[in-house]
Amino acid sequence: MYTCEDTINLLLDYLDGEMPLEEAKHLKEHLSGCAPCIDFLRTYRATPGLCRRALAEKMPQEVSTKLMEFLRTRIKSAS
Ligand SMILES: [Zn+2]
């Protein structure tokens, strides 16, 4: 099962048009039971591309916090 962090990252790729079928399946499984991610997706899809960066600042606090923690971890492990 994917975490919210995984899901948000995949969503960003998916909505730009690139996602393997297998990944999309896991994504849908997570979305079927995770309200914060569903809200994020719903808002994101209604937002023009140029506004997506601004939207990232408006995502639910819980998702935002987890995403930032996740990114920090990724950045650390990459350096
Ligand atoms: Zn989620």
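This structure is a prediction, so every number in the text was calculated from the model and none was measured.

Trainee: Teacher, can you tell me more about the overall build of the protein chain here?
Mentor: Check the secondary structure of the protein chain and you find five helices and zero strands. Along the protein chain, helices and strands appear, N-terminal first, in the series α-α-α-α-α. Considering only intrachain contacts with a sequence separation of at least 6, the fraction spanning at least 24 residues in the protein chain is 61%. Looking at the protein chain as shown, the accessible area adds up to about 5700 Å², and 55% of this sits on carbon and sulfur atoms.

Trainee: Could you clarify how one ought to interpret the coordination of the zinc ion in this entry?
Mentor: When a metal carries six donors in an octahedron, the ideal angles between them are 90 or 180 degrees, while four donors in a tetrahedron ideally lie at 109.5 degrees. With distances of 2.0 to 2.3 Å, the protein atoms coordinating the zinc ion are Cys4 (SG), His30 (NE2), Cys34 (SG) and Cys37 (SG). Relative to the metal, the four donor atoms surrounding the zinc ion lie at angles of 102 to 114 degrees, and the coordination shape comes out tetrahedral. Along the chain, the residues that donate to the zinc ion are spaced as C-x25-H-x3-C-x2-C. Each of the two residues, cysteine 34 as well as cysteine 37, counts as buried.

Trainee: I would appreciate a short explanation of helix α2 (residues 21-31) in the present structure.
Mentor: Residues spaced three or four apart along an α-helix point in a common direction, a consequence of the helix completing one turn every 3.6 residues. Buried within α2 we find Ala24, Leu27, His30 and Leu31. Taken down its axis, α2 places every buried residue within 120 degrees of arc, on the same side.

Trainee: So what exactly am I meant to see when it comes to the nonpolar core here?
Mentor: A general tendency of soluble globular proteins is for nonpolar side chains to be buried together. Judged by nonpolar contacts, the single largest core of 15 residues is most densely connected at Ile8, Leu10, Leu11, Met19, Leu27, Leu31 and Cys37. Elements with a contribution of two residues or more to this core: α1 (4-14), α2, α3 (35-45) and α5 (61-78). Looking at this core, the element that brings in the most residues is α1, giving four residues. Those residues in contact with leucine 10, other than ones at most four positions away along the chain, are Tyr2, Met19, Glu23 and Leu27.

Definitions and limits used
- Residues numbered from 1 in each chain as written.
- Predicted model: local features only at pLDDT ≥ 70, side-chain atom pairs only at ≥ 80, totals over all residues.
- Heavy atoms only, no water.
- Helix = DSSP H or I, 4+ residues; strand = E, 2+ residues; numbered from the N terminus.
- Contact = heavy atoms within 4.5 Å.
- Areas by Shrake-Rupley, 256 points an atom, 1.4 Å probe, with all protein chains shown as cover.
- Donors = N, O, S within 2.8 Å, 3.2 Å for Na, K, Ca; no water.
- Tetrahedral: all angles 85-135°; square planar, octahedral: opposite > 155°, others 65-115°.
- Buried < 20%, exposed > 50% of the residue type's maximum accessible area, 1.4 Å probe, protein only.
- Arc of directions from axis to C-beta.
- Core = buried A, V, L, I, M, F, W, Y, C linked by side-chain atoms within 4.5 Å.

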